Amino acid sequence: MKTNSSDATPTPPAREVVQSPPPGLASGTLGAHLRYEFIAGPQSGAALDNPLFELLTALTQTGSITHAARALGCSYRYVWGALRKWEQVLGEPLVSWAQGRKARPTEFARRLVWAERRARTRLQPQIEALRCDLTQVLHAARDARNQLLTIHASHDMALPVLQQYAASTGNLHLDVRFQGSVDALQALKEGECLMAGFHAPVLDESAPRSQASQPLYSLLQSGVQLIACSRRLQGIMVRREHAAFVHSFPDLVRHRLRFVNRQPGSGTRMLVEQMMREHALSAAELDGYSERIEHTHVSVALCVASGVADAGIGIQAAALQFGLRFLPVVTESYYLACRIADVQHPAIARLRDILAGERWQDILAGLPGYRLPASPGCLLALEQALPGCHIPQAPR
């Protein structure tokens, strides 16, 4: 293979791209070993540094070894050697080497990149929570004024942003544990957290009561108060090739599209169930209703974008992140619930101040698919936030 004269002697990259495989990897004992570092600069979402996937992603995105090497700050020869080493480790070809043509990533390499990205995206809430916890190690050691607020919450893409902002500006660490809306409110009821996040359709007193949210309302009692957090759009997500003939939820069944669902107990799953009732559809008619399950909006969007599924229900921000077409279905309010007895807790008071602040409102308004609530950070009575919904009285 010919190389440029400048590539005759490999130059060390700005950051190591390839690590020599430990003994035994070539014989099939591959495993994932996690580590972390304290480095200046932000990292968010599902990002995790890995030399193999940094290399494959650069190759896939740029389309040639030359451009991949330039993007990584390495020499052509270094990247070529790295690819050869990883092919030996994995036992699969990563690049097609047709004579007279640019080296291209193989189908296996492309599938590998998508599979790894999908795995990280599925774990994004846990990765973000772990990253935030580890970031707080230094802050907690240096400043005893830090407040800790435990939140169990339905998945929402604005919460990690709020988590980072609260830590940087208000000495407030939000210990967020993502789970379904029902499980989050159940955790609040059982005293496992100080706050619970859930979403419900925006209603007014003349609007029909939403059957989709009834399991949530049964967990809300008169001893609970709500805090307005955000509003967001939720709808149908499809790839571009399906957008022309998907205009409503029944079109997913009509055109036999593969569907990716959310887990039972999540607010989005309840929305799906309500739409199925409204259109008299059965679970058997929707391909993947019970078999293809994801736990976050971003993992649903990635399934659709990668071709694992053809359609899913999620928030507009997730659809835009993966370049999907979005058909709005409902505007939802995202609330944080707490017990009235805890309203004056210093961490909750500090969070309310952050939500009511102009800087956070500017940040929220800049997130795709999100809108400001009527009274951000304000305490709302249950009947005020959820008009027309009967809330059971707390037992004495």
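Residues numbered from 1 in each chain as written. Predicted model: local features only at pLDDT ≥ 70, side-chain atom pairs only at ≥ 80, totals over all residues. Heavy atoms only, no water.

1. Considering the packing of aromatic side chains
Then comes step 1: Scanning the entire structure with this criterion turns up three aromatic pairs.
Then comes step 2: With centroids separated by 5.8 Å and ring planes inclined at 40°, the aromatic side chains of Phe198 and Tyr335 adopt a geometry described as tilted. Of this pair, Phe198 sits in strand β5 (residues 195-201) while Tyr335 is found in strand β10 (residues 325-339), placing the two residues 137 residues apart along the sequence.
Then comes step 3: Under the relative-accessibility criterion, Tyr335 is labelled buried at 8%.
Then comes step 4: Relative to Phe259, the ring of Phe249 has its centre 6.2 Å away and its plane inclined at 85°; by these criteria the two rings are edge-to-face. Of this pair, Phe249 sits in the loop between α9 (240-243) and α10 (250-254) while Phe259 is found in strand β7 (residues 259-262), placing the two residues ten residues apart along the sequence. Neither residue differs from the other here; Phe249 and Phe259 are each classed as buried. (Phe/Tyr/Trp six-rings, centres within 6.5 Å; stacked < 30°, edge-to-face > 60°. Helix = DSSP H or I, 4+ residues; strand = E, 2+ residues; numbered from the N terminus. Buried < 20%, exposed > 50% of the residue type's maximum accessible area, 1.4 Å probe, protein only.)

2. Comments concerning the confidence of the model for the protein chain
Then comes step 1: Across the protein chain, pLDDT averages 82, with 81% of residues at or above 70.
Then comes step 2: Across residues 1-27, where pLDDT falls below 50, the model places 44 contacts with residues more than four positions away in sequence or in other chains.
Then comes step 3: For residues 205-209, every residue scores under 50 in pLDDT, and the model assigns this stretch six contacts once sequence neighbours within four places are set aside. (pLDDT = per-residue confidence, 0-100. Contact = heavy atoms within 4.5 Å.)

3. Description of the environment of Leu257
Then comes step 1: Positionally, Leu257 belongs in the loop between α10 and β7.
Then comes step 2: Accessibility expressed as a relative area gives 5% for Leu257, which makes it buried.
Then comes step 3: The spacing of Leu257 and Val246 is eleven residues in sequence and 9.8 Å in space, taken between C-alpha atoms.
Then comes step 4: Residues in contact with Leu257, not counting those within four places in the same chain, are His242, Phe245, Val246, Leu252, Asp287, Asp310 and Ala311.

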